[in-house]
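# An overview of the molecular structure
Next come the chains, spelled out residue by residue.
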Amino acid sequence: MSEPTPYEKLGVNDEASFEEVRDARDRLLREYEGDESQQEAIEVAYDAILMDRLRARKEGKIAVPDRIRYPERLSTAIPAALQNNAQRRTPSWLSRLLDNPSPKDIYISLGIFSGLGVISFFVPAATTTWLSFGLIVSVYLLTRKENRFGRALLISLSGITVGVGLAALTNQVLVLSRLVSDSFFPSPIQMAIILLVMWLHACFLR
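Residues numbered from 1 in each chain as written. Predicted model: local features only at pLDDT ≥ 70, side-chain atom pairs only at ≥ 80, totals over all residues. Heavy atoms only, no water.

## Some points on the overall build of the protein chain
When helices and strands are tallied, the protein chain shows 10 helices and zero strands. The linear arrangement of helices and strands in the protein chain, starting from the amino end, is α-α-α-α-α-α-α-α-α-α. Looking at the protein chain as a whole, 32% of its 206 residues qualify as buried. In the protein chain, once contacts between residues fewer than 6 apart in sequence are set aside, the share between residues at least 24 apart is 66%. Surface exposure of the protein chain reaches about 12,900 Å², of which carbon and sulfur atoms provide 61%. (Helix = DSSP H or I, 4+ residues; strand = E, 2+ residues; numbered from the N terminus. Buried < 20%, exposed > 50% of the residue type's maximum accessible area, 1.4 Å probe, protein only. Contact = heavy atoms within 4.5 Å. Areas by Shrake-Rupley, 256 points an atom, 1.4 Å probe, with all protein chains shown as cover.)

## Considerations on helix H7 (residues 103-122)
Along its 20 residues, H7 runs 29 Å from first to last C-alpha, staying within 8% of the 28 Å computed at 1.5 Å per residue. If you check which residues of H7 are buried, you get Ile-106, Ser-109, Phe-113, Leu-116 and Ser-120. Summarising the axial view, the buried residues of H7 lie within an arc of 105 degrees, below the 170-degree limit, and thus occupy one face. Opposite the packed face of H7, turned more than 90 degrees from it, sit the exposed residues Pro-103, Lys-104, Tyr-107, Phe-121 and Phe-122. (Expected span 1.5 Å × (residues − 1). Arc of directions from axis to C-beta.)

## Observations concerning the pattern of salt bridges
Pairing of side chains with opposite charge becomes possible as their charged atoms draw close. In total, this model carries seven salt bridges according to the counting rule given. Between Arg-22 and Asp-23 there is a salt bridge, with its nearest N and O atoms 3.9 Å apart. For Arg-22, a relative accessible area of 29% puts it in the partly exposed group. Of the residues examined, Asp-23 reaches a relative accessible area of 45% and is grouped as partly exposed. Across the pair Arg-27 and Glu-31 runs a salt bridge whose closest N-O atoms are separated by 4.0 Å. You can see Arg-27 and its partner Glu-31 sitting in helix H2 (residues 18-31), four residues apart, about one turn around the helix. Among the residues examined, Arg-27 registers a relative accessible area of 40% and is labelled partly exposed. On the basis of relative accessible area, Glu-31 is assigned to the exposed category, the value being 51%. Each member of the salt-bridge network shares a partner with another, and the members are Arg-25, Asp-26 and Glu-43. (Salt bridge = Lys/Arg side-chain N within 4 Å of Asp/Glu carboxyl O.)

## What about H2?
Helix length check: H2, at 14 residues, gives a terminal C-alpha distance of 20 Å against a target of 20 Å (1.5 Å per residue), a fit within 8%. Every buried residue of H2 is accounted for by Phe-18, Val-21, Ala-24, Arg-25, Leu-28 and Leu-29. Mapping the buried residues of H2 onto a view down its axis gives an arc of 130 degrees, with all of them on the same face. The exposed set on the far side of H2, more than 90 degrees from its buried face, consists of Arg-30 and Glu-31.

## Things to note about the side chain of Thr-143
Looking at where Thr-143 falls in the secondary structure, it is placed in helix H8 (residues 127-146). Dropping the residues within four chain positions of it, Thr-143 is found in contact with Arg-148, Phe-149 and Ala-152.

## Remarks on the nonpolar core
Counting 17 residues, the largest nonpolar core has Phe-113, Leu-195 and Met-198 as its most contacted members. Elements represented by at least two residues in this core include exactly H7, H8, helix H9 (149-176) and helix H10 (187-204). Counting residues per element, this core draws most heavily on H10, which supplies eight residues. Once residues within four sequence positions are removed from consideration, Phe-113 is found in contact with Gly-134, Val-137, Ser-138, Leu-141, Leu-195, Met-198, Trp-199 and Ala-202. By size, the runner-up hydrophobic cluster in this structure holds 14 residues, among which are Leu-10, Val-12, Ala-45 and Ile-49. (Core = buried A, V, L, I, M, F, W, Y, C linked by side-chain atoms within 4.5 Å.)

## Quick word on the confidence of the model for the protein chain
Per-residue confidence for the protein chain gives a mean pLDDT of 77, with 74% of residues at or over 70. Across the protein chain, H2 holds the top mean pLDDT of 88, while helix H4 (residues 74-83) sits lowest at 51. Under a pLDDT of 50 for its full length, residues 64-77 has, in the predicted model, 23 contacts with residues more than four places off or in other chains. (pLDDT = per-residue confidence, 0-100.)

Here you go:
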């Protein structure tokens, strides 16, 4: 039997739109999560299709019908996808953990956590309440990315844990450096550190 074409490997036909090819690639990557050899084969097939269509586009020999002609942004999307090859050389577990949020998502999540930080500064006695709100926001933002509540909750709890640990470590450094006189620096500063770490987890992990 002849070796399957890149289109057959992704389960699409040669008239599929760019979005259909990309969605097929993403679906197969999720299906073979943890199988690095299969994921690499999927990425190779995806890159082959992109290169083939870029070449056909430049030569004016695009075979797909006009009704499914690629979006104009394809010319920029293909080079961007090829530039991601370097990122794919990173460990698969790391690439699956990191996210590349849009500027809009970054600003929205940063605004929410910044708001919690400002409120906690003026109402420091309700620290537990603001942390609870932060946890809820973090779980929501992470669940919205891949609809996996358990994973979102685990990452959010790790964000709080890392944040608390970092705040305690910062406090110890300040005490040892004699920059503060007592054993704890103001709680709003600790809260700011914790919320910052929680925001980083919620925004750049998935």
